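Spelled out from the first residue to the last, the chains are:
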Amino acid sequence: MRKYYIFIIRTEFYKIYKNNSLVLYKTLENLYKLNNNNFGYGFSIYNQLCLTFNTEVLNNYFLRKFANYKHNKHYIQKEQTILEINKSCIVVLTKYNVPKSLKYLLYYNKYLFVCDFDNKDYFWLQNQYDLNIN
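Going along each chain's sequence as written, the residues are numbered from 1 onward. Only residues with pLDDT of at least 70 get local features here, since the model is predicted, and only at 80 or more are side-chain atom pairs given and counted; chain-wide, interface and lining totals rely on the full set of residues. With hydrogens and water stripped out, all remaining heavy atoms of the structure feed into the side-chain values.

### Here's the deal with the overall build of the protein chain
Turning to step 1, where the next piece is worked out: The numbering of helices and of strands both runs from the N terminus, where a helix is a DSSP run of H or I of at least 4 residues and a strand a run of E of at least 2. Summing up its helical and strand segments, the protein chain has four helices and eight strands in all.
Turning to step 2, where the next piece is worked out: Sequence-ordered secondary structure for the protein chain, helices as α and strands as β, is β-α-α-α-β-α-β-β-β-β-β-β.
Turning to step 3, where the next piece is worked out: Along the first, second and third principal axes, the C-alpha set of the protein chain runs to 40 × 35 × 25 Å.
Turning to step 4, where the next piece is worked out: Residue burial is assigned from relative accessible area. The probe radius is 1.4 Å, only protein chains are included, and a residue is buried under 20% of its type maximum, exposed over 50%, and partly exposed in between. Taken over 134 residues, the protein chain has a buried fraction of 42%.

Structure (structure tokens):
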């Protein structure tokens, strides 16, 4: 089972990190591992790098697309994938390396960075699909 965290990266940081994504991954990994005593620092770094998700828009979209919904969680049965849509990130639990349903997120924002902190894996979502989104 894979557990991905998807973040919207601000445009100016996308331009900096698009060809050096290891540094971005390490920064987000440090935020992920940050203890509660440094919450203010982590929040500040997050707000500099990332944008928040409009949970209402995304929940409505995935509800219409896949219909299985409960408390910000969408179950995509044919892929055995769960999307949990939060303001700070989207958490994805899946059996697949890159579920096809994630491509729909690129219509929402093209600067999505995906991290699997358990497996030390990361990638730009737009590099996984051929959608003519630049």
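From this point, the discussion proceeds with the structure in view.
### Side note on the pairing of strand 6 (residues 90–94)
Turning to step 1, where the next piece is worked out: With respect to burial, strand 6 is a largely interior element, four of its five residues being buried.
Turning to step 2, where the next piece is worked out: Note: two strands are recorded as paired if DSSP finds a minimum of 2 bridges between them. Alignment of strand 5 (residues 81–85) against strand 6, held across five bridges, turns out to be antiparallel. Looking across to strand 6, one finds that Ile85 is bridged to Ile90.
Turning to step 3, where the next piece is worked out: From the end of strand 5 to the start of strand 6, which pair antiparallel, there are four residues.

### Some details on the layout of surface pockets
Turning to step 1, where the next piece is worked out: A pocket here means an open set of points on a 1 Å grid, computed over the protein atoms alone, that has protein on both sides within 12 Å along at least five of seven lines. A cavity is instead a set of points where a 1.4 Å probe fits but cannot get out; residues with an atom within 4 Å of a point line either one. Grid points are joined across faces, edges and corners, and a volume is the space filled by probe spheres set on the points. When its volume is computed, the largest pocket comes out at roughly 460 Å³.
Turning to step 2, where the next piece is worked out: Looking at the lining of the largest pocket, the elements with two or more residues in it are strand 1 (2–9), helix 2 (21–33) and helix 3 (39–49).
Turning to step 3, where the next piece is worked out: Considering every element that reaches the lining of the largest pocket, the biggest residue donor is helix 3, with five residues.
Turning to step 4, where the next piece is worked out: Amino acid classes used here: Ala, Val, Leu, Ile, Met, Phe, Trp, Tyr, Cys and Pro are nonpolar; Asp, Glu, Lys and Arg are charged; the rest, including Gly, are polar. Among the residues forming the lining of the largest pocket, the class breakdown is 11 nonpolar, six polar and no charged.

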